[in-house]
Amino acid sequence: MSFKAPYPPYDPLDTAGYDTVIRRWPIIITSVIDELHNKCHFLSLQLKDSAEEAGKAELEESVAEGNQIIGKISKLKYEMARDRELEPIDEDGEPNVEVYNKGLEELKAEAKNTWFTAPWLYAECYLYRLLRSYFTATKHWKLYDPFLSSKTKTFKHSGDSVYKLATTVYELAKNKDELRADPAKIEVIFKEMIQMCLWGNATDLSLLTHLTEDDIKNLQTVGKDAQAVRSKFILKDDQEEVWNHVKGLKGARVDFVLDNAGFELFTDLVFADFLVTYTPFVSKVVFHPKVIPWFVSDVLPVDFVQTIEQLLDPTFFSDLAGKDTSAAVEEHLHAMAKRWRTYVEQGVFELSVPLESPIGVDAEAAFWTSPYPYWNLQELSPALADDLKKSGLVIFKGDLNYRKLTGDVKWPSWTPFIEAIGPLAGLFPLLSLRTNKADVAVGVPKEVSEKLDQEGEKWRVDGRYALISFVPATK
Ligand code: F6P
Ligand code: MG
């Protein structure tokens, strides 16, 4: 690759990496094993009840394959804890196997091919691609997302914040014409939206392995007051620069490189809805999902489709204790989700891959689940780069996208963001909205980062701080 960063990558023994390797990965892997056990148990019960021979054979095969996957994952957990070598991924006909295996050879040459010695970003991406290969190797589990039930469960607990935001949007609708004609008002709401969409990233299942449901709810608290309190946690704030760029657009396309399903995706959709419905600047939004189960909570095509259906289902949030939602508030949500469904039908909201894409689809989208930093985009995925160049603004959501934008290397934190994204800078207008969950951070004034370090703040990793980083197009 032609671009070489002047600093080494973070490795798993750096703060957030260490916690990930020692604590989070085992929890995540164990939860996949539990999920599969439950599913196999359920299939075994079905098997008992099944009268028909052909159906029985299929179920038996399915249970046997499920147990094989459990065996492989258990072995993986054992080897990971003992810092064993990362094994090559079996050729499974899906993208990126060669890419990962070539990376392993290079790491082996440097004696950095074990779980604790490989670069953290590489090892973590490899883990999810390896897990995927265990499912691809089967007949019955090819389309299985082991994280689906945890995504759905957590989203169900976001009901309060979802309803609150739906009502805010409903209030906006009342003044739609006035709003569209008044840039000063749009500016205020635009910035509110950016912050709402930013803090939506605080909810991430791979990080929240130690938080209670109440903690999660608090992270999702929305509204002006909560945002005012949070603004002091935004250590780089390019809201003004993004606004100056966006207000010059006319009927443009905006892209979201998505992060997490559930509440974060909901906030992305609210932001997208605001841009196309209430401003003259944007007329189309393209969403880029992942195509394999990724970092637990990332959006797959099916999550995108299901989220809108869940919002339209009046019972989806209703089994929650303490929910007290009036019919009017339910109607606010319903009206908004109906509009989104229409936008999808009309192509105003578009997914970058076909809506019905199964897991593992071979597409340009596979770039997002490679281990590469995004500064290689033009070189490695020129068609995707050319497509994004048509966008009026590409919004990269979340922590992992930020790590890939900056290569997850040890930049001094006062390095300008434009420098840290290498050759990606200037290809298209780029906005990153990220709450800090991993060590890499740039664009933070030296005195600010040094003060936080002296005070013992875990500002790089604890999810309480955030960065809003914008770079305009120049190329
Ligand atoms: O280990 C925690 C972690 O998986 C990080 O590696 C990753 O950057 C982050 O959580 C995922 O966060 P997000 O969903 O915001 O990208
Ligand atoms: Mg994520």
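Here is what the cut-offs are and how they apply
Residues numbered from 1 in each chain as written. Chains lettered and ligands numbered in written order. Predicted model: local features only at pLDDT ≥ 70, side-chain atom pairs only at ≥ 80, totals over all residues. Heavy atoms only, no water. Helix = DSSP H or I, 4+ residues; strand = E, 2+ residues; numbered from the N terminus. Rg over C-alpha atoms; globule rule 2.2 N^0.38 Å. Contact = heavy atoms within 4.5 Å. Areas by Shrake-Rupley, 256 points an atom, 1.4 Å probe, with all protein chains shown as cover. Lys, Arg positive; Asp, Glu negative; His and termini not counted. Charge placed at Lys NZ, Arg CZ, Asp CG, Glu CD. Pairing = 2+ DSSP bridges. Axes fitted to C-alpha atoms, helices over the stretch in contact; angles between N-to-C directions. Domains from an automatic or database assignment. Buried area = accessible area lost by both parts, 1.4 Å probe. Salt bridge = Lys/Arg side-chain N within 4 Å of Asp/Glu carboxyl O. Polar contact = N/O pair within 3.5 Å; in protein donor to acceptor, adjacent residues only side chain to side chain. Nonpolar A, V, L, I, M, F, W, Y, C, P; charged D, E, K, R; others polar. pLDDT = per-residue confidence, 0-100. Buried < 20%, exposed > 50% of the residue type's maximum accessible area, 1.4 Å probe, protein only. Expected span 1.5 Å × (residues − 1). Arc of directions from axis to C-beta. Near = heavy atom within 4 Å. Donors = N, O, S within 2.8 Å, 3.2 Å for Na, K, Ca; no water. Core = buried A, V, L, I, M, F, W, Y, C linked by side-chain atoms within 4.5 Å.

*Asks:* Would you mind going over the overall build of the protein with me for this structure?
*Replies:* Counting its regular elements, the protein contains 19 helices and seven strands. In terms of overall size, the protein behaves like a compact globule, its C-alpha atoms giving a radius of gyration of 22 Å where 475 residues would be expected to give roughly 23 Å. Judged by the C-alpha coordinates and their principal axes, the protein covers about 65 × 55 × 45 Å. In the protein, of all internal contacts separated by at least 6 residues, the share reaching a separation of at least 24 is 81%. When the accessible area of the protein is evaluated, it comes to approximately 19700 Å², of which 55% is carbon and sulfur surface. In the protein, which carries 55 positive and 73 negative side-chain charges, the distance between the mean positions of the two groups comes to 2 Å.

*Asks:* Whenever I open this one, the sheet that holds strand S4 (residues 349-351) confuses me. Can you help?
*Replies:* Strands in a sheet are paired, the pairing made by backbone hydrogen bonds, and the direction either parallel or antiparallel. Here we have seven strands laid out as an open sheet, ordered S1-S7-S6-S5-S2-S3-S4, and mixed in their pairing. Only two strands of the sheet have a single neighbouring strand rather than two, namely strand S1 (234-237) and S4. Taken pair by pair, the neighbouring strands of this sheet meet at an average axis angle of 15 degrees, ignoring direction. Pairing of strand S6 (residues 430-435) with strand S7 (residues 466-471), which is carried by six bridges, proceeds in the antiparallel orientation. Bridge assignment links Leu430 to a residue of S7, and that residue is Val471. Contacts between helix H8 (residues 183-199) and the sheet are confined to S1, strand S2 (252-257), strand S5 (393-397), S6 and S7, with S6 contributing the most and set at about 50 degrees to the helix.

*Asks:* Is there a simple way to explain the domain arrangement of the protein in this structure?
*Replies:* Note on interface size: it is often stated as the accessible area lost on association of the parts. Here the domain parsing of the protein yields domain 1 (15-136) and domain 2 (148-471). The straight-line distance from the C-alpha centre of domain 1 to that of domain 2 is 28 Å. Contacts between the two partners involve 21 residues from domain 1, matched on the other side by 28 residues from domain 2. Where domain 1 abuts domain 2, roughly 2000 Å² becomes buried across the two surfaces, and 63% of that area is made up of carbon and sulfur atoms. One salt bridge connects Arg403 with Glu124, and the closest N-O pair in it is separated by 3.0 Å. Inspection of the domain 1/domain 2 interface yields five residue pairs in polar contact (both at pLDDT 80 or more). Of all elements in the fold, only helix H1 (15-49), helix H3 (97-109) and helix H4 (120-136) reach the threshold of two or more residues within the side of domain 1 that touches domain 2. The class makeup of the residues in the side of domain 1 that touches domain 2 is eleven nonpolar, three polar and seven charged.

*Asks:* Where do I start with the confidence of the model for the protein in this structure?
*Replies:* Reading fine detail from the predicted coordinates is not recommended where pLDDT is low. This prediction gives the protein a mean pLDDT of 91; 93% of its residues lie at or above 70. Within the model, the stretch residues 204-213 combines pLDDT values under 50 with 28 contacts to residues more than four positions away or in other chains.

*Asks:* Quick question: what am I supposed to make of the pattern of salt bridges here?
*Replies:* Oppositely charged side chains can pair when the atoms bearing their charge come close. Under the counting rule described, the total for this entry stands at 34 salt bridges. The closest approach of N and O atoms between Asp19 and Arg24, which form a salt bridge, is 3.2 Å. Arg253 is paired through a salt bridge with Asp387; the nearest N and O atoms lie 3.2 Å apart. Taken as a pair, Arg253 in strand S2 and Asp387 in helix H16 (residues 382-388) lie far apart in primary sequence, 134 residues in all. The exposure class of Asp387 is partly exposed, given its relative accessible area of 23%.

*Asks:* So what exactly am I meant to see when it comes to helix H14 (residues 327-346) here?
*Replies:* A turn of α-helix holds 3.6 residues, and therefore any two residues three or four places apart point the same way. Between its first and last C-alpha, H14 extends 28 Å over 20 residues, near the 28 Å set by a 1.5 Å rise per residue. Taken together, the buried positions of H14 are occupied by Val329, His332, Leu333, Met336, Ala337, Trp340, Tyr343 and Val344. The buried residues of H14 occupy one face: seen down the axis, they fall within an arc of 115 degrees. Facing away from the buried side of H14, by more than 90 degrees, are the exposed residues Ala327, Glu345 and Gln346. In this fold, the buried residues of H14 make contact with helix H6 (159-174), helix H12 (263-278), helix H13 (301-312) and S4.

*Asks:* What's the story with the site of ligand 1 in this structure? I'm lost.
*Replies:* What surrounds ligand 1 is a group of 15 residues, the closest being Glu124, Asp399, Leu400, Arg403 and Lys437. The contact in question runs from an oxygen atom of ligand 1 to an N or O atom on the side chain of Arg403, over 2.4 Å. Contact distances for ligand 1 include 2.7 Å between an oxygen atom and a side-chain N or O atom of Lys437. Burial of ligand 1 by the protein amounts to 99% of the accessible area it has alone, namely 390 Å². Put simply, the parts of the chain that give the shell around ligand 1 at least two residues each are H1, H4 and helix H17 (398-405). Per-element accounting of the shell around ligand 1 gives the leading share, four residues, to H17.

*Asks:* Could you clarify how one ought to interpret the coordination of the magnesium ion (ligand 2) in this entry?
*Replies:* Reference geometry at the metal: tetrahedral coordination by four donors gives ideal angles of 109.5 degrees; octahedral coordination by six donors gives 90 or 180 degrees. Protein coordination of the magnesium ion (ligand 2) is provided by Asp259 (OD), Asn260 (OD1) and Asp298 (OD), with donor distances spanning 2.2 Å. Mapping the donors of the magnesium ion (ligand 2) onto the primary sequence yields the spacing D-N-x37-D. Here Asp298 lies in the loop between strand S3 (282-288) and H13 and Asn260 lies in the loop between S2 and H12, a separation of 38 residues in the sequence.

*Asks:* I keep staring at the nonpolar core and nothing clicks. Help me out?
*Replies:* Counting 105 residues, the largest nonpolar core has Phe256, Phe266, Phe271, Phe274, Phe287 and Phe349 as the members making the most contacts within it. When residues of this core are assigned to their parent elements, the largest contribution, eleven residues, is made by H12. Look past the residues within four positions of Phe266 in its chain and what remains in contact with it is Phe155, Val162, Leu165, Leu311, Leu333, Met336 and Trp340.

*Asks:* I'm lost on the pairing of S7 in this one. Help?
*Replies:* When a strand is regular, its side chains alternate between the sheet's two faces. Burial analysis of S7 places six of its six residues in the buried class, the great majority of the element. On S7, burial covers both faces: Ala466, Ile468 and Phe470 on one face and Leu467, Ser469 and Val471 on the other are all buried. Examined bridge by bridge, S1 and S7 share three bridges and lie parallel to one another. Bridge pairing links Lys236 to Leu467 in S7.

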